[in-house]
Amino acid sequence: QVQLVESGGGLVQFGGSLRLSCAASGSFATIYSMTWYRQTPGKQREMVAVISSGSITNYADSVKGRFICSRDNAKNTVYLQMNSLKPEDTAVYYCSANIRTISSGRFDYWGHGTQVTVSS
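Calculation rules
Residues numbered from 1 in each chain as written. Predicted model: local features only at pLDDT ≥ 70, side-chain atom pairs only at ≥ 80, totals over all residues. Heavy atoms only, no water. Helix = DSSP H or I, 4+ residues; strand = E, 2+ residues; numbered from the N terminus. Buried < 20%, exposed > 50% of the residue type's maximum accessible area, 1.4 Å probe, protein only. Contact = heavy atoms within 4.5 Å. Areas by Shrake-Rupley, 256 points an atom, 1.4 Å probe, with all protein chains shown as cover. Pairing = 2+ DSSP bridges. Axes fitted to C-alpha atoms, helices over the stretch in contact; angles between N-to-C directions.

Q: Got a minute to help me understand the overall build of the protein in this structure?
A: A tally of regular secondary structure across the protein gives zero helices and 11 strands. Ordered by position from N to C terminus, the α and β elements of the protein give β-β-β-β-β-β-β-β-β-β-β. Projected onto the principal axes, the alpha-carbon positions of the protein cover approximately 50 × 25 × 20 Å. Across the 120 residues of the protein, 38% fall into the buried class. Taking contacts inside the protein between residues at least 6 apart in sequence as the whole, the part at least 24 apart equals 55%. For the protein, the exposed surface amounts to about 6,400 Å²; the carbon and sulfur share of it is 48%.

Put into structure tokens, the structure is as follows:
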């Protein structure tokens, strides 16, 4: 069983910073790409940042230059450093990871999300 658990969300003022973490646990052989998404009510979930197993990153245009995605493979954890936050960054942030398990093959797994609220 694989679990992804996000943490680090909260309430922050306009221009502030937050750091999200997402830790994977369970029985798995390899974690490939790890991705941060966000979703607000009534809107589709959008990709925010993705990082490959070799730490190559790609970002949504809306967060380029403000967000930094990184990972610690020894800790099976991906991070999202969010700087210069804006009210439009308010959303539930989810992490997803493409993981090859020991017994069940390769799948995308999802966390339950963490709320980020940016006040103006």
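Q: Mind showing me how you'd approach the sheet that holds strand 3 (residues 18-26) here?
A: Taken in spatial order, the four strands make up an open sheet running 1-3-8-7, and their pairing is antiparallel. At either end of the open sheet lies a strand with only one pairing partner, and these are strand 1 (2-7) and strand 7 (67-72). When strand polarity is set aside, the average angle formed by the axes of neighbouring strands in this sheet is 15°. Note that strand 3 and strand 8 (residues 77-82) share six bridges and pair antiparallel.

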